[in-house]
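Per-entry structural report
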Amino acid sequence: MLMLNKTNWTPASFILNGVPGLEDMHLWISFPFCSMYAVAMVGNCGLLYLIQLEDSLHRPMYYFLAMLSLTDIVMCSSTIPKALSIFWCHLKEIGFDECLVQMFFVHTFTGMESGVLMLMALDHYVAICYPLRYSTILTNPVIAKVGLATFLRGVFLIIPFTFLTKRLPYCRGNIIPHTYCDHMSVAKLSCGNIKVNVIYGLMVALLIGGFDILCITVSYTMILRAVVSLSSADARQKAFSTCTAHICAIVFSYSPAFFSFFSHRFGGHTIPPSCHIIVANIYLLLPPTMNPIVYGVKTKQIRDCVIRIFSGSKDIKSHSI
């Protein structure tokens, strides 16, 4: 009878242990985390304000950029404040249902990040390969529909994570060696069968990440073919420069994800757990931090709008990228 109660036990709360093995360094680790989070919030909120304010930025590319900024804000805000409370105040406890909610937001909006990058690749493909039909293909209703579809894809694919995790019996303690509630980090505390969780997690990774990477690869293959066929060197250079910021965003987003994915499966015994945890946090912090910087530097139209706002000038002309 005692074993039955223990097997069916669901903890009232979990303990997020931060970065295992580096507990003495938590205060120092918090400084880059806090700095990156501040830059991410200021940069992405600034981009959203700029896109809403400037009529010249009311174009499909910038609507997708607004989606990316909003996604980045939610993605890093769902984890970093709690991580900082662990580092600064040792507030490690998180309620069971609160943990499931955090898990849902983390995985939904990382999937949304990938989906928006895929939509931006398709936007570049249409702009370069079908410039005369660009405004008729990517109308505002179409942008709203594909954005909503990308969000709903993440929601409906991630919701089962919460039910699969909630059904498990937890009798291996309640200490999570992480700064936030990751699906597999929580599931590994269960003494039940987590095979379904593992299989479904891989399936979702393929349905979201695999599909998006395939679409991005196909889009840029078609873009490269179209650009190479241009006769003018200036036209080729302009087309390539149009994609620079987006390529940087892809690198910042997928590089930590690939490292985390492959290191967990092929380097689990050689790479220390602290490295996995830090990379997992970088995956949630690096894209939100760098995306507004890259787009602010690489996009001339955004630069001109920023200069106009801060200088108060009315005669600075907006230019396309």
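Bear in mind the structure is a predicted one, so any value in this text is a computation, not a measurement.

Counting secondary structure elements, the protein chain contains twelve helices and three strands. Relative to its length of 321 residues, the protein chain is compact, with a C-alpha radius of gyration of 22 Å against a globular reference of 20 Å. Taking the principal axes of the C-alpha coordinates as reference, the protein chain spans close to 75 × 40 × 40 Å. Relative to its full complement of 321 residues, the protein chain shows a buried share of 46%. Considering only contacts in the protein chain between residues 6 or more positions apart, those separated by 24 or more positions represent 77%. A total of about 16000 Å² of accessible surface is found on the protein chain, and carbon and sulfur atoms cover 70% of it.

Together, Met25, Leu27, Trp28, Phe31 and Trp88 make up an exposed nonpolar region whose accessible area comes to about 570 Å². Tracing the backbone shows Trp88 in helix 4 (residues 80-89). We classify Trp88 as partly exposed; its relative accessible area is 41%.

Bringing the nonpolar core into the picture now. Of all hydrophobic cores here, the largest spans 46 residues; its most connected members are Leu65, Ile216, Tyr295 and Ile302. Mapped by element, the contributors of at least two residues to this core are helix 2 (26-53), helix 3 (60-77), helix 5 (96-129), helix 9 (195-228), helix 10 (233-266), helix 11 (273-298) and helix 12 (300-311).

Scanning the entire structure with this criterion turns up two disulfides. The disulfide bridge from Cys99 ends at Cys181, spanning 2.0 Å between sulfur atoms. Across the disulfide from Cys99 to Cys181, rotation about the S-S bond amounts to roughly -120 degrees, and the bridge is consequently left-handed. Of this pair, Cys99 sits in helix 5 while Cys181 sits in the loop between strand 3 (175-176) and helix 8 (183-187), and the two are 82 residues apart along the sequence. Across the pair, Cys181 and Cys99 agree in class, each one buried. Note that Cys171 is cross-linked by a disulfide to Cys191, the S-S spacing being 1.8 Å. Across the S-S bond linking Cys171 and Cys191, the dihedral sits near 140 degrees, which makes this disulfide right-handed. One end of the pair, Cys171, is in the loop between helix 7 (140-166) and strand 3; the other, Cys191, is in the loop between helix 8 and helix 9, with 20 residues separating them in the sequence. Take the cysteines of the protein chain that form disulfides and number them in order along the sequence; they join up as 1-3, 2-4. No disulfide involves Cys89; its nearest neighbouring cysteine sulfur is the one of Cys34, lying 12 Å away.

Taking 1.5 Å per residue as the helical rise, helix 11 with its 26 residues ought to reach 38 Å, and the 36 Å between its terminal C-alpha atoms agrees with that figure. Along its length, helix 11 reaches its greatest deviation from straightness, about 30 degrees, at Leu285, and the proline Pro287 lies no more than four positions downstream.

This part takes up the UniProt feature "transmembrane region" (unreviewed entry) in the protein chain. Here the UniProt feature "transmembrane region" (unreviewed entry) sits at residues 27-50, 62-80, 100-122, 142-164, 198-227 and 239-262. Helix makes up 100% of residues 142-164 and strand 0%, whereas the separation of the span's terminal C-alpha atoms amounts to 34 Å. In the segment residues 198-227, helix accounts for 100% and strand for 0%; the C-alpha atoms at its two ends are 42 Å apart.

Rules behind the numbers
Residues numbered from 1 in each chain as written. Predicted model: local features only at pLDDT ≥ 70, side-chain atom pairs only at ≥ 80, totals over all residues. Heavy atoms only, no water. Helix = DSSP H or I, 4+ residues; strand = E, 2+ residues; numbered from the N terminus. Rg over C-alpha atoms; globule rule 2.2 N^0.38 Å. Buried < 20%, exposed > 50% of the residue type's maximum accessible area, 1.4 Å probe, protein only. Contact = heavy atoms within 4.5 Å. Areas by Shrake-Rupley, 256 points an atom, 1.4 Å probe, with all protein chains shown as cover. Patch = residues over 30% accessible without salt bridge, like charges linked within 9 Å, V, L, I, M, F, W, Y side chains within 5 Å. Salt bridge = Lys/Arg side-chain N within 4 Å of Asp/Glu carboxyl O. Core = buried A, V, L, I, M, F, W, Y, C linked by side-chain atoms within 4.5 Å. Disulfide = S-S within 2.5 Å. Expected span 1.5 Å × (residues − 1). Bend = angle between axes of the 7 residues up to and from the residue. UniProt positions renumbered as here; feature names shortened; annotations may be inferred.

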